[in-house]
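Architecture at a glance
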Amino acid sequence: MFGKAFRVKSNTAIKGSDRRKLRADVAAAFPTLGTDQVSALVPGKEELNIVKLYAHRGDAVTVYVCGGNPILFELEKNLYPTVYTLWSYPDLLPTFTTWPLVLEKLVGGADLMLPGLVVPPAGLPQVQKGDLCAIALVGNRAPVAVGVAAMSTAEMLTSGLKGRGFSVLHTCQDHLCPEGRQLDIKKSSYKKLSKFLQHMQQEQMIQVEELRRGVESIVAVDWRHPRITSFVIPEPSPTSQTIQEGSREQPYHPPDIKPLYCVPASMTLLFQESGHKKGSVLEGREVRTIIVNYAKKNDLVDANNKNLVKLDPILCDCILEKNEQHTVVKLPWDSLLTRCLERLQPAYEVTFPGQEPIVKKGKICPIDITLAQRASNKKVTVVRNLEAYGLDPCSVAAVLQQRCQASTTVSPAPGAKDSLQVQVQGNQIHHLSRLLLEDYQLPRKYIQGLEKAPKPSKKK
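An unreviewed UniProt entry annotates the protein chain as Eukaryotic translation initiation factor 2D of Enhydra lutris kenyoni. Comment text from UniProt for the protein chain, heading Sequence similarities (unreviewed entry), reads "Belongs to the eIF2D family." Annotation of the protein chain in UniProt includes, under Subcellular location (unreviewed entry), the sentence "Cytoplasm".

Glancing now at the sheet that holds strand E14 (residues 256-262). Ordered by their spatial adjacency, 4 strands build an open sheet running E15-E14-E18-E19, and the pairing between neighbours is antiparallel. The open sheet has two edge strands, strand E15 (281-282) and strand E19 (358-361), and neither has a second partner. Bridging between strand E18 (residues 345-351) and E19 involves 4 bridges; their strand directions are antiparallel. Across the sheet, residue Tyr348 finds its bridge partner in E19, namely Lys360.

Under the counting rule described, the total for this entry stands at 12 salt bridges. Where Arg141 meets Asp91, a salt bridge forms, and the shortest distance between an N and an O atom there is 3.5 Å. In this pair, Arg141 sits in strand E10 (residues 140-149) while Asp91 sits in the loop between helix H3 (83-88) and strand E6 (95-98), placing the two residues 50 residues apart along the sequence. For Asp91, a relative accessible area of 31% translates into the label partly exposed. Asp302 is the partner of Lys330 in a salt bridge, and the nearest nitrogen-oxygen pair spans 2.3 Å. Of this pair, Lys330 sits in strand E17 (residues 330-332) while Asp302 sits in the loop between helix H10 (284-297) and strand E16 (308-310); the two residues are 28 residues apart in sequence, bridging distant segments of the chain. Here the salt bridges share partners, and the residues they tie into one network are Lys258, Glu283, Arg285 and Glu349.

On to the sheet that holds strand E5 (residues 78-81). The 5 strands lie next to each other as E1-E2-E3-E4-E5, forming an open sheet whose pairing is antiparallel. Since the sheet does not close on itself, it has two edges, and those belong to strand E1 (7-13) and E5, each with one partner. The sheet shows a mean angle of 25 degrees between the axes of neighbouring strands, taken without regard to direction. Relative to strand E4 (residues 69-75), strand E3 (residues 60-66) is paired through 6 bridges, and the arrangement is antiparallel. Paired with Tyr64 across the bridge in E4 is Leu72.

Attention shifts here to the packing of aromatic side chains. Each aromatic ring pair is described using two quantities: the centre-to-centre distance and the angle formed by the ring planes. Tallied over the full model, the rule gives 7 aromatic pairs. Arranged with centres 6.1 Å apart and planes meeting at 85 degrees, the rings of Phe2 and Phe6 form a pair that is edge-to-face. Residue class for Phe2 comes out buried when judged on its relative accessible area of 0%. For the pair Phe73 and Tyr80, a centre-to-centre distance of 5.2 Å together with 25 degrees between the ring planes defines the contact as stacked.

A few words on unusual backbone geometry. Phi at Leu161 takes a positive value of approximately 55 degrees, unusual for a residue other than glycine. Mapped onto the elements, Leu161 comes out in the loop between helix H5 (153-158) and strand E11 (164-171). Take Leu161: its relative accessible area is 7%, and that puts it in the buried class. Here the phi dihedral of Asp299 falls at roughly 55 degrees; this positive angle occurs in a residue that is not glycine.

Once that is clear, we can look at the domain arrangement of the protein chain. For the protein chain, the assigned domains are domain 1 (7-87), domain 2 (91-171), domain 3 (185-230), domain 4 (257-347) and domain 5 (367-452). A C-alpha centroid distance of 35 Å is found between domain 1 and domain 3.

Within the UniProt annotation, "domain: SUI1" (unreviewed entry) is assigned to residues 367-440. Regarding residues 367-440, the helix share stands at 31% and the strand share at 32%, and the terminal C-alpha atoms are separated by 13 Å.

Moving on, we get to the pairing of strand E9 (residues 132-137). Counting buried positions along E9 gives 6 out of 6 residues, so the element sits mostly inside the fold. Burial along E9 is two-sided: the residues Leu132, Ala134 and Ala136 and Cys133, Ile135 and Leu137 are all buried. Examined bridge by bridge, E6 and E9 share 4 bridges and lie parallel to one another. Counted as the bridge partner of Thr98 is Leu137 from E9. Alignment of E9 against E10, held across 5 bridges, turns out to be antiparallel. By the bridge assignment for E10, Leu132 is matched with Val148. Here E9 hands over to E10 after 2 residues, with Gly139 in that stretch at a positive phi of 85 degrees.

The topology assignment puts Gly68 in the loop between E3 and E4. Taking C-alpha positions, Gly68 is 15 Å from Pro81, a pair spaced 13 residues apart along the chain.

It is worth spelling out a nonpolar patch on the surface at this point. A cluster of nonpolar side chains, Ile218, Val221 and Trp223, forms an exposed patch at the surface whose accessible area comes to about 330 Å². Judged by its relative accessible area of 34%, Val221 is partly exposed.

Moving on, we get to the UniProt feature "domain: DM2" (unreviewed entry) in the protein chain. Those residues carrying the UniProt feature "domain: DM2" (unreviewed entry) are residues 259-343 in this numbering. With 44% helix and 14% strand, the stretch residues 259-343 has end C-alpha atoms that lie 14 Å from each other.

Put simply, helix H13 (residues 393-404) and helix H14 (residues 429-439) touch, their axes get as near as 10 Å, and they point 125 degrees apart. With respect to their mutual orientation, H13 and H14 come out oblique. Seen from above, H13 lies across H14 with right-handed handedness. The residues of H14 that touch H13, namely those facing Val396, Val399, Leu400, Arg403 and Cys404, are His431, Leu432, Leu435 and Asp439. Residue composition of the contact of H13 with H14, by class: 6 nonpolar, 1 polar and 2 charged.

Calculation rules
Residues numbered from 1 in each chain as written. Predicted model: local features only at pLDDT ≥ 70, side-chain atom pairs only at ≥ 80, totals over all residues. Heavy atoms only, no water. UniProt positions renumbered as here; feature names shortened; annotations may be inferred. Pairing = 2+ DSSP bridges. Helix = DSSP H or I, 4+ residues; strand = E, 2+ residues; numbered from the N terminus. Salt bridge = Lys/Arg side-chain N within 4 Å of Asp/Glu carboxyl O. Buried < 20%, exposed > 50% of the residue type's maximum accessible area, 1.4 Å probe, protein only. Axes fitted to C-alpha atoms, helices over the stretch in contact; angles between N-to-C directions. Phe/Tyr/Trp six-rings, centres within 6.5 Å; stacked < 30°, edge-to-face > 60°. Domains from an automatic or database assignment. Patch = residues over 30% accessible without salt bridge, like charges linked within 9 Å, V, L, I, M, F, W, Y side chains within 5 Å. Areas by Shrake-Rupley, 256 points an atom, 1.4 Å probe, with all protein chains shown as cover. Parallel < 35°, antiparallel > 145°, perpendicular 65-115°, else oblique. Left-handed = near helix turned anticlockwise from the far one by under 90°. Contact = heavy atoms within 4.5 Å. Nonpolar A, V, L, I, M, F, W, Y, C, P; charged D, E, K, R; others polar.

See below:
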């Protein structure tokens, strides 16, 4: 909404009655905020302005600005917090996580699509369609966007995390979000910067020198000064701490991956007797049961050899090649079942511990490990597709950097949408093998490229 420049209609100081009304509206819209928090968000005496503007698409928006920072905006009588407010109250809204690469697209005006969502081990927050949500990036709990859920959490999981997940209204770096807050010395008790610096020097926190008349410079800082060493970042609330522990600090457990099969249009007649239609998703054992029942019901089992199945026109159309239509009249059970499975469209179900299963079409891409040559003929190890298995590329890069004692970088994976790759200096496949197979307990069949590990040198 604020991805492009907007037109300001008016900018006026808020009246006392409007300030009280806004405070009541905030308390009603965000019941999780306590009375003190509402008073801090909408202060009684600090400068507070009402800015009425028109977004680039013509939407009439009212923005409430406190101390030069936008804290709330109102659209069609609905009140929304800005990202600036969410940085102070990160638990105000249910927060969903996406990859850092996605932020640029959100700032450009795109909505958040479900394939770009990161599902933490603790599961997705429970929301309903139309609920207000915050969006954060992997590795940083500070929200970067505000949006509205396009579907409920249950619908997101049922869809296999496909489609539009959130309508994004506002992001950091858009035209509503300021670049940063500046300290206004004139509004402080010091009134002048020179007095502020003089006071800090008297407390022996800094050393100031006058380079020339009227030009003062901080030439030294006492980082061991009690007022500096005593400064601590406020601890996150218990709620947010639980989220962090659930999403990042719990030990990694690999997902359970189950191969599935989708019924294509060409095989609908074979499966419709069992109540399935085009697009139905089945497990391998269900496919086998359906084929066996079909053959027995239609009296297709060879009377002289129970290991053979006669092919009726439906089976012929489903599993035979064109040049086999008039030559192949019977097939062994194992061949019949194998051909049926091969003709079905692949799919898979992935289930992370404590979460609802997610069904996706196609085959799951394995974690891909390759070696590449860089400048000066140096080898690097490149790892892709970590996200499909619930692994954060940034976290994996940090672990590899420690274990390999080599530099690592995380960058967009070429040709892959919203996916990252990890690059490690040198051939580090031995370290990757131990990390993925032993520490993360991932099955070997979901990792390709382990055979490229350096062979041990022969002892002389």
